[in-house]
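Structural features, examined
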Amino acid sequence: MTKGKAMPIRTITVPVKDLDAAKALYTRLLGVEPYADAPYYVGYRPEGGPELGLDPHGDVTAGPITYWHVEDINAEVTALIAAGATEERGVHDVGGGTLIATLRDADGNRFGLHQGAAS
């Protein structure tokens, strides 16, 4: 991250127990149909906001994860750990070359990083 340049929020992932029920609720709440609708992820791209994803395999007790978009996820993970974060789940590919990682701040709050697939 360039100093002084904010990383935009890319995705908020909500862990859900019942994907069909959550899909009905969030489709109504967001006012858009999902762009991705699979048994492992339902994704929405509401106008003017970050992507919202429903994750039936996420930890419901931990709550949603906000993912910030970064250009170089490995460098950001290293820099954030040096700044006091702890790695929860290292960098991994979630499909098509898209990389994510989850970390925690000093108070235990979970957040994520997202690097889009190279074009």
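Residues numbered from 1 in each chain as written. Predicted model: local features only at pLDDT ≥ 70, side-chain atom pairs only at ≥ 80, totals over all residues. Heavy atoms only, no water.

End to end, helix H1 (residues 19–30) covers 16 Å across 12 residues, agreeing with the expected 16 Å (1.5 Å per residue, within 8%). The set of residues buried in H1 consists of Leu 19, Ala 22, Tyr 26 and Thr 27. Projected onto a plane normal to the axis of H1, the buried residues spread over an arc of 130 degrees and lie on a single side. Turned more than 90 degrees off the buried face of H1, the exposed positions are Asp 20, Ala 24 and Arg 28. Next to the buried residues of H1 lie strand E1 (9–15), strand E2 (36–38), strand E3 (41–44) and strand E4 (51–55). You can read the cap of H1 off the contacts: a side-chain oxygen lies 3.2 Å from the backbone nitrogen of Asp 20, and it is on Asp 18. (Helix = DSSP H or I, 4+ residues; strand = E, 2+ residues; numbered from the N terminus. Expected span 1.5 Å × (residues − 1). Buried < 20%, exposed > 50% of the residue type's maximum accessible area, 1.4 Å probe, protein only. Arc of directions from axis to C-beta. Contact = heavy atoms within 4.5 Å. Polar contact = N/O pair within 3.5 Å; in protein donor to acceptor, adjacent residues only side chain to side chain.)

Here the largest pocket defines a volume of roughly 790 Å³. Considering the residues around the largest pocket, the lining is formed by 27 residues, among which Tyr 41, Asp 55, Tyr 67, Val 94 and Ile 100 are closest to the centre. Mapped onto the lining of the largest pocket, the elements with two or more residues apiece are E1, E4, strand E5 (65–69), strand E6 (86–93), strand E7 (99–104) and strand E8 (110–115). Tallying contributions element by element places E1 first for the lining of the largest pocket, with five residues. (1 Å grid on protein atoms, 1.4 Å probe; cavity = no way out; pocket = protein on both sides within 12 Å on 5 of 7 lines; lining within 4 Å. Points joined across faces, edges and corners; volume = space filled by probe spheres on them.)

Read from one edge of the open sheet, eight strands run E2-E3-E4-E1-E5-E8-E7-E6, paired in mixed fashion. Bordering the open sheet on either side are E2 and E6, each of which pairs with just one other strand. Direction aside, the axes of adjacent strands within the sheet are offset by 20 degrees on average. Bridge analysis of E7 against E8 gives six bridges, and the strand direction is antiparallel. Within the sheet, the bridge partner assigned to Thr 102 lies in E8 and is Gly 112. (Pairing = 2+ DSSP bridges. Axes fitted to C-alpha atoms, helices over the stretch in contact; angles between N-to-C directions.)

Another aspect to go through is the side chain of Thr 11. Within the secondary structure, Thr 11 sits in strand E1. At 3.4 Å, the side chain of Thr 11 and the side chain of Arg 10 are in polar contact.

So, on to the packing of aromatic side chains. Summed over all chains, the structure comprises one aromatic pair. Taking the centre distance of 6.4 Å and the plane angle of 75 degrees together, the rings of Trp 68 and Phe 111 count as edge-to-face. One end of the pair, Trp 68, is in strand E5; the other, Phe 111, is in strand E8, and 43 residues separate them in sequence. Phe 111 gets classed as buried once you look at its relative accessible area, which sits at 16%. Of note, Arg 45 hangs over the ring of Tyr 35, and the distance from its end group to the ring centre comes to 3.7 Å. (Phe/Tyr/Trp six-rings, centres within 6.5 Å; stacked < 30°, edge-to-face > 60°. Lys NZ or Arg CZ within 6 Å of the ring centre and 35° of its normal.)

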